[in-house]
Every structure is written in C-alpha cells, then in structure tokens.
Number of protein chains: 2
Amino acid sequence: VTIEIFPVQFDAEIVEGDDLAELIRAASRPFRDGDVLVVTQKAVSKAEGHVVDLADVEPSSRALELAGSHSDPRVVEVILRESVRVVRHRGPLLITETHHGLVCASAGVDRSNAPRPGTVVLLPRDPDASAADLRTRLEGQTGARLAVIIADTMGRPLRNGIVGTAIGSSGMDPLRSLAGQVDPNNFQLATTVVAVADELAAAADLVLGKLERVPAALIRGYAAAGEGSARSLIRDPAMDLFI
Amino acid sequence: VTIEIFPVQFDAEIVEGDDLAELIRAASRPFRDGDVLVVTQKAVSKAEGHVVDLADVEPSSRALELAGSHSDPRVVEVILRESVRVVRHRGPLLITETHHGLVCASAGVDRSNAPRPGTVVLLPRDPDASAADLRTRLEGQTGARLAVIIADTMGRPLRNGIVGTAIGSSGMDPLRSLAGQVDPNNFQLATTVVAVADELAAAADLVLGKLERVPAALIRGYAAAGEGSARSLIRDPAMDLFI
C-alpha cells in the first residue's frame, strides 16, 4: 500500500470567521473514504479567532519579571494565561504546560504567520473539538469517511529540532496497539503501541510549508481506525521513565 | 509537490551476510534522483550480524541485580554492554543512554523479529556509517542520487507511544533551518529548525509493518538537501530545557 501526501494550498490568508472546512474542501482534491486530513493549529486558531492583539494586553508583575529585557512582557503574559505551570525558563525561552496538558515552548503562542503585526496566535481552545467539527462538516459536504488531525510543530526533550505533532484528533485512535500480534518467529509483541497520529502529523509537516500558505495536508493510503482523543498521546507524568 | 511513500517488501528473512543494498534494489521500484530511502535498524543489524545469541552471554552481578525476577539477566547484560549509563529503571523497563548517545528503552536491544529464538538484535554499531555504505552501494548500482536514513521506533519523554526516529543518515542534513526566512507579514523566523530526518522516519513507519517483512520504505517527492550526521539530532543535555 502506497501512502500519498498532498499539500492543500490556499491562495489567501485565513481570517477570523472563515469557513475553514469549506476552504479546505475547495482547495483539496476530492476526498475519499479513509483519507486523513492534517490541519495546522494555526489555520484553526486563525479561523476560530483565537488570536490576541498585544495592544490589549496588560502584563502582570510575573510576566514583567519573566520577560526581563529579552522578551515582550505582553507576549509572556499571554503565554502565562495559556499555561497551568511554567516548566522551565531561560533567557527568552519559556517552556510551560498548557491547559491542554501539552508541555511546549511558549505555550504554543506564536507571532509568526499571525494575522497582523502586533498580534499573536494561540493554540485552539479544544483541538479535539476543532478536529471533530472540521470532520463533521467535511464528511457532510463530501460524503467521505475521514479522520482529522490538528497538528503543530513542537520541540521535544532529548532531541534537536521541531517535528509535526498531533494536538487534536477525530475519526481515528491516535494510538495503534500491536499487542498480541506475533512476528514471523512467533515472538509476541507484548506492549508495543505506536503513536500513529504523531507519525501522520510528522509526515504531513513534510509538505506543510511554514511560509507558503499550505495549512493542511491530505494523507491517502493509511488505514486509520478507531476513535480517540489526542489527549491519549500525553503521558501521565507518573508513568514517565524518561524524565 | 506530492510526497509518496512506497513500502519495500522482502519475501525472505534477512540473514547475516546478506547484501542489503542489492536486496533493497531488487525489491524496490527503480530509484530516482532525490529519493529518500528509510531502512529499519533491524534490517541493517541483521545483515551486519549485529545479533547476540543469549546462550553465549554470562550476566554480570549488576545485570542479575537489575533483572530481578522480571527480566532475563542475559538480555539485561546485553543492554548494559550497549549502554554508557542507566537513565532509569522500573520493573522490567530499563531506559539507558547508548554508546551512540541515544536515550531509549533497552538500548534498542530487541527480541522481536530476531533471526532465531534465543537471539537478540542490537542497534547498528555506527548507523551513520551503515547509511553511508548503503547509499554508496545503491547510488553505484542505480546511478540515482539518494539520501538514506536508518530508523528505529522509539518511545519519548512526555508522550505515549513509539514513533519512527532517525538514528543514522547519509546524503542529507537531518535538520532543516528556517532561520532567516520571513512569513507573509515579513515576520522573521529566527530560530526554527525542523528535524526533517525524524519526520521522514516517522512518515516511513506508517508503511514499515513491524511484522510483514517490510524493512525499508522509499519516500519520493521530498527535497532532501545537504549532508550531516544523525548525531546532530541528539540534543546536548546542557541545552535541554525540557528535562
């Protein structure tokens, strides 16, 4: 089975109130049953209006303190509002845990590709719900059975570089268990669970230009199955042997 | 640009001494300039004979202690020999840092898909060198300019599930910098570096069945560029803000 990854290219910036499902449908090749659509969180947040104008932000004393002379304290204030805790802080770098449970740089708050200078884009409030909403509308418009992943590029511990990562999903189980299967020698794979939604998000990122108005990618040929929340990808810290 | 991912399916088990380049060339569709070949570490190690027969292993007292009643002390002994330090240990789970600098479960030592019952497969001794060797031979046989990635599926901190990960590379820079590029609003992406080799390894894993004799995947349509070692993907712990 060959997998194909098609970029979905827009010819205009996404603005608040845009019907993202309709824009994607119009820009994509026709959907087929089993297609996986990976959409950037930035496209979703811009369409949902999850954007903050820094002129409206009054930094707290904590934000002023963390910003020091490196950072815009209004951006730090927005990051703190999106976070449940600060994990680490060094110079302008701030790693926090977001209210979604994601541990990432700047709580996903980003100035690049923002709608206007002086604005920042936040992560979607509820990425699973955004994925479910897009999926429902796209399935309604097209009649095809789909899976939808909301993705962001994120840094990670231990390794350099950011990678496409699933933060919301609908229409598939983000984890695929190989437990109980046996190899050609009859050795049983006891506990292998693959984070397939993260692999799909990483694959999609190969065509999701950060700069070229490609807010989505269509992946064809991967047999997504099941149903589940992207929160299942977030490890319970008590179970984390790495850190 | 569409990306295509083709599984490279073998019809026999790989054994020590196999000419892996020739087997891949024969099983794959014809290579074209710019193709990225992702090969599982297990295929490489089996062909290179980097396999240990547990009957030949005398566990040390440290291995006996770590194995307790959960684990085979001979497997633990092999893991310790492949490691420079034990990062964490709980029950049968052992996270170590390998001599390559990889922090992973069991130092990558694996009983599944081993050549025979009672044997374990190690990670390749020098995955970059294995990638370079495969690349040189495949380029010589086919005349196409290629990139080769050696991949394994690995767990990671913070998130559940394993994902395809690059542990060796040749013919491409595993990291792609977006620094200096500007978005449509002229906002400069100061420090964005994408771990493209990890994204390619994750994408390939979508077709690399753990059980179906698919030891490689051919990725077409991704413009790999540059040159570099997969060691560049391993973060200097002093620079790690996550842990």
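For the structure, see preceding data.
Residues numbered from 1 in each chain as written. Chains lettered and ligands numbered in written order. Predicted model: local features only at pLDDT ≥ 70, side-chain atom pairs only at ≥ 80, totals over all residues. Heavy atoms only, no water.

1. Remarks on the overall build of chain A
The following threshold applies: For helices the rule is a DSSP run of H or I covering at least 4 residues; for strands it is a run of E covering at least 2, with both sets numbered from the N terminus onward. Radius of gyration here uses only the C-alpha atoms, and the compact-globule reference equals 2.2 Å multiplied by the residue count raised to the power 0.38. Whether two residues are in contact is decided by their heavy atoms: any pair within 4.5 Å suffices. Note on areas: Shrake-Rupley, 1.4 Å probe, and residue coverage restricted to the protein chains presented here. Charge convention: Lys and Arg are scored as positive, Asp and Glu as negative, and His as well as the terminal groups of each chain are ignored. For the purpose of locating charges, the reference atoms are NZ of Lys, CZ of Arg, CG of Asp and CD of Glu.
Check the secondary structure of chain A and you find six helices and twelve strands. Radius of gyration (C-alpha) of chain A: 19 Å, near the 18 Å computed for a compact globule of 243 residues. In terms of overall dimensions, chain A has a C-alpha envelope of 60 × 45 × 25 Å along the principal axes. Long-range pairs, those at least 24 residues apart, make up 61% of the contacts in chain A with a sequence separation of at least 6. With the model as given, the accessible surface of chain A reaches about 9900 Å², and the carbon-plus-sulfur share is 49%. A distance of 3 Å separates the average location of the 25 positive side-chain charges in chain A from that of its 33 negative side-chain charges.

2. A word on the environment of A:R29
As a reminder, the rule being used: Relative accessibility decides the category of a residue: with a 1.4 Å probe and only protein chains considered, values under 20% of the type maximum give buried, values over 50% give exposed, and everything between is partly exposed.
Its location among the elements puts A:R29 in the loop between α1 (20–27) and β2 (36–40). Here A:R29 falls in the partly exposed class, since its relative accessible area comes to 42%. Sequence separation of A:R29 and A:L66 is 37 residues, and the distance between their C-alpha atoms is 46 Å. Excluding its chain neighbours within four sequence positions, the residues that come into contact with A:R29 are A:F6, A:L218, A:R220 and B:T2.

3. Some remarks on the packing of aromatic side chains
Counted only if it meets this: Aromatic pairing here means that ring centres of Phe, Tyr or Trp (its six-membered ring) are within 6.5 Å. Orientation follows from the plane angle: under 30 degrees is stacked, over 60 is edge-to-face, and everything else is tilted. Two conditions define a charge located above a ring, namely a distance within 6 Å from the ring centre to NZ of Lys or CZ of Arg, and an angle within 35 degrees of the ring normal.
Going through the model one piece at a time under the given rule, you end up with zero aromatic pairs over all chains. Above the ring of B:F6, the side-chain terminus of B:R29 is found at 3.8 Å from the ring centroid.

4. As for the interface of chain B and chain A
What counts, and what does not: By buried area we mean how much accessible surface two parts lose on assembly, using a 1.4 Å probe and totalling the loss over both. Here, a salt bridge means any Lys or Arg side-chain nitrogen found within 4 Å of an Asp or Glu carboxyl oxygen. Under this definition, polar contacts are N or O atom pairs within 3.5 Å; protein pairs additionally need one hydrogen-donor-capable and one acceptor-capable atom, and for neighbouring residues in sequence, both atoms have to be side-chain atoms. Classes in brief: Ala, Val, Leu, Ile, Met, Phe, Trp, Tyr, Cys and Pro nonpolar; Asp, Glu, Lys and Arg charged; the others, Gly included, polar.
With 71 residues of chain B in contact, the opposing surface of chain A contributes 71 residues. A per-residue breakdown of the area chain B buries against chain A is headed by B:R159, B:L241 and B:F242, which together make up 13% of the total. Across the chain B-chain A interface, the total number found is four salt bridges. For the salt bridge of B:R159 with A:D198, the shortest nitrogen-to-oxygen distance reads 2.9 Å. Here chain B and chain A share 30 residue pairs in polar contact (both at pLDDT 80 or more) between them. Within the residue set of the side of chain B that touches chain A, elements represented by two or more residues are β1 (3–8), β4 (83–90), β5 (93–98), β6 (103–105), β9 (163–170), β11 (193–194) and α6 (196–205) of chain B. Partitioning the side of chain B that touches chain A into residue classes produces 42 nonpolar, twelve polar and 17 charged.

5. Some thoughts on the pattern of salt bridges
Scanning all chains against the criterion turns up 31 salt bridges over all chains. A:R137 serves as the salt-bridge partner of A:D133, at 3.3 Å between the closest nitrogen and oxygen. Residue A:D133 and its partner A:R137 are both found in helix α5 (residues 127–142); the two are separated by four residues, about one turn of the helix. The partner of B:E139 in a salt bridge is B:R135, and the shortest N-O contact between them spans 3.2 Å. Pair noted here: B:E139 and B:R135 are both in helix α5 (residues 127–142), with a separation of four residues, about one helical turn.

6. Comments concerning the environment of B:G168
Residues and elements named next belong to chain B. With respect to the element layout, G168 can be found in strand β9. Under the relative-accessibility criterion, G168 is labelled buried at 0%. In this structure, the C-alpha to C-alpha distance between G168 and D133, residues 35 residues apart in sequence, is 11 Å.

7. Overview of the sheet that holds β6(B)
Residues and elements named next belong to chain B. Stated precisely, the cut-off is as follows: Pairs of strands are assigned from DSSP output, requiring at least two bridges between the strands. Orientation is described by lines fitted to C-alpha atoms, with helices fitted over the stretch in contact, and by angles between N-to-C directions that extend from 0 to 180 degrees.
If you trace the three strands from one edge of the open sheet to the other, you get β4-β5-β6, paired in antiparallel fashion. Two strands in the sheet have a free side with no partner beyond their single neighbour: β4 and β6. Here the average twist between neighbouring strands, direction ignored, is 25°. In terms of strand pairing, β4 meets β5 through six bridges, oriented antiparallel. Residue pairing across strands places S83 opposite T98, the latter belonging to β5. Its contacts with the sheet put helix α4 (residues 73–81) on β4 and β5, and the angle it makes with β4 is roughly 135°.

8. So, the pairing of strand β1 (residues 3–8) of chain A
Relative to β1(B), β1(A) is paired through three bridges, and the arrangement is antiparallel. Within β1(B), the position partnered with A:E4 by the bridge is B:E4.

9. Quick notes on the side chain of B:K42
All names here are of chain B. By the element assignment, K42 lies in helix α2 (residues 41–48). The exposure class of K42 is buried, given its relative accessible area of 12%. Of note is the side chain of K42, whose polar atom sits 2.7 Å from the backbone oxygen of S112. With residues up to four places along the chain from it excluded, the contact list for K42 reads D110, S112, N113 and V121.

None of the figures reported here should be taken as evidence of function without further support.
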